Amino acid sequence: MIPHPEAGPVAPRNILFIGGTGVISTAAAERAVGLGHRLTILNRGRSTRPVPEGAEILQADIRDQEGVREVLGRREFDAVADFITYTPDQAQAGLDLFRGRTGQYVFISSASAYQKPPARLPILESTPLKNPFWKYSRDKIACEELLFRAYRDDDFPLTVVRPSHTYDRTKIAMVGGWTDIHRMRAGLPVMVHGDGTSLWTLTHSRDFARAFVGLLGLPQALGESYTITSDEYLPWNQVYRLFARAAGVAEPELVHVASETIAAQNPEIGANLLGDRSHSVIFDNSKIKALVPDYAATIPFADGAREIVQWHDSHPELQVVDQGYMELTDKLTAWARGSM
């Protein structure tokens, strides 16, 4: 195993990741192994993302409790990080599986659970949890309520982490994904929700991993929640222009369409817009920095956008143009132009 370049005298911990091959968890797994922790990853073994050398793989479906119990046997862990629980019944299953088996259970919630629209900025861990627009966020809130009740009533060793928009080179932050890059390069108008001035925070997964792995196994984190994001925030117009610059487009044609109008035409996209992206979000990361003093997000999104476009340019199979989104953009940008 090659030590992480920033590795110091870190006491090795016995850690279990449930999932472990997503955008957030892959970076966290790489850092955990690099720091010398004993990492076990439990998943179904179907991901195309690589698992870091040195990690142990256990294959099971977390939704099959008996199968998971059989695979885990009598094993116990210093920390269990659950990346793939989204609903209260899944949270209850996690409680049943890991009560008495771990010194810390880390539930990955979402910063979209914070009050929308926020009454004040920056957003703190004490900001109320309330999102009337997006079921995904309400389900995360319900999971938190169930798990915190177990902490209060039964000393279940809970820590909650709330990431916001976290990305790696595979994830395009614009609503249309690669389709928006395609449109920019083709000289076609690109749809931006609202007036493009709401502020957004994008966090590279490698930055997130530094803070996240730092809190694993710390007893002072029990019963607490932590926001983990970058301190950089950008208006959406700038996010789109950074992608355009990375794609070699000097000046993209950005056409602004109200989030409510987009939601009326496409409720699936609209739930995410109205429940998260249409609201300005600036986060205060003081709490996680107090627990993990070496945490700082050091990757600006200008670099992240270049990394994303270069990755997609080197993988043509990922350059998928969504015809449905093409048609939606054509329709709504034409409507917006006509209403001006």
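Figured I'd write up the structure that's included with this text.

**Let's talk about the overall build of the protein**
Working step 1: Secondary structure summary: the protein contains twelve helices and 13 strands in total.
Working step 2: Against the globule reference of 20 Å for 340 residues, the protein gives a C-alpha radius of gyration of 21 Å, in line with a compact fold.
Working step 3: Taking the principal axes of the C-alpha coordinates as reference, the protein spans close to 65 × 40 × 40 Å.
Working step 4: For the protein, with 340 residues in total, the buried portion stands at 54%.
Working step 5: Contacts in the protein between residues far apart in sequence, at least 24 positions, make up 78% of those at least 6 positions apart.

**Brief notes about unusual backbone geometry**
Negative phi values dominate among residues other than glycine, just as trans dominates among peptide bonds.
Working step 1: Cis geometry is found at the peptide bond from K116 to P117, where omega equals -10°.
Working step 2: With respect to the helices and strands, P117 occurs in the loop between β5 (105-108) and α4 (135-154).
Working step 3: The amide bond that connects L121 to the next residue, P122, takes the cis arrangement and shows omega of 0°.
Working step 4: Note that P122 resides in the loop between β5 and α4.
Working step 5: One non-glycine residue, D155, lies in the positive phi region at around 60°.

**Digging into the layout of surface pockets**
Working step 1: Put simply, the largest pocket is a space of about 1300 Å³.
Working step 2: If you go around the largest pocket, you meet 47 residues; those closest to its centre are V23, Y86, Y136, T166 and K171.
Working step 3: Going through the elements one at a time, α1 (23-34), β2 (38-43), α4, β7 (165-167) and α9 (267-277) are the ones with two or more residues in the lining of the largest pocket.
Working step 4: Of all the elements, α9 adds the most residues to the lining of the largest pocket, at five residues.
Working step 5: Taken together, the residues that form the lining of the largest pocket break down as 19 nonpolar, 18 polar and ten charged.
Working step 6: Taken as a whole, the second largest pocket holds about 280 Å³ of empty space.
Working step 7: Forming the walls of the second largest pocket are 15 residues, and the residues nearest its centre are T26, E30, R49, D168 and R169.
Working step 8: Secondary-structure elements contributing two or more residues to the lining of the second largest pocket are α1, α6 (205-215) and α11 (301-313).
Working step 9: Along the lines of polarity and charge, the residues of the lining of the second largest pocket split into four nonpolar, five polar and six charged.

**What about empty space enclosed by the protein?**
Working step 1: Tallied over the entire structure, the rule returns one cavity of 30 Å³ or more.
Working step 2: Considered as a void within the structure, the largest cavity measures approximately 50 Å³ in volume.
Working step 3: Tallying contributions element by element places helix α3 (residues 88-98) first for the lining of the largest cavity, with five residues.
Working step 4: Each residue belonging to the lining of the largest cavity can be placed in one class, and the counts come to five nonpolar, three polar and two charged.

**What to know about the sheet that holds strand β6 (residues 158-163)**
Working step 1: Taken in spatial order, the seven strands of this open sheet run β3-β2-β1-β4-β5-β6-β11, and their pairing is parallel. A strand with exactly one partner marks an edge of an open sheet, and here the two such strands are β3 (56-59) and β11 (224-228). Direction aside, the axes of adjacent strands within the sheet are offset by 20° on average.
Working step 2: As defined by bridge partners, β2 adjoins β3 across four bridges and the pair is classed as parallel. Directly across from N43, in β3, lies its bridge partner Q59.

**With respect to the pattern of salt bridges**
Here the idea is simple: oppositely charged side chains can pair when their charged atoms come close.
Working step 1: Overall, the coordinates contain 13 salt bridges when judged by the stated rule.
Working step 2: K135 is the partner of D139 in a salt bridge, and the nearest nitrogen-oxygen pair spans 2.8 Å. With a gap of four residues between them, D139 and K135 both fall in helix α4, about one helical turn apart.
Working step 3: Given the relative accessible area of 52%, K135 is considered exposed.

Rules used in this analysis
Residues numbered from 1 in each chain as written. Predicted model: local features only at pLDDT ≥ 70, side-chain atom pairs only at ≥ 80, totals over all residues. Heavy atoms only, no water. Helix = DSSP H or I, 4+ residues; strand = E, 2+ residues; numbered from the N terminus. Rg over C-alpha atoms; globule rule 2.2 N^0.38 Å. Buried < 20%, exposed > 50% of the residue type's maximum accessible area, 1.4 Å probe, protein only. Contact = heavy atoms within 4.5 Å. 1 Å grid on protein atoms, 1.4 Å probe; cavity = no way out; pocket = protein on both sides within 12 Å on 5 of 7 lines; lining within 4 Å. Points joined across faces, edges and corners; volume = space filled by probe spheres on them. Nonpolar A, V, L, I, M, F, W, Y, C, P; charged D, E, K, R; others polar. Pairing = 2+ DSSP bridges. Axes fitted to C-alpha atoms, helices over the stretch in contact; angles between N-to-C directions. Salt bridge = Lys/Arg side-chain N within 4 Å of Asp/Glu carboxyl O.

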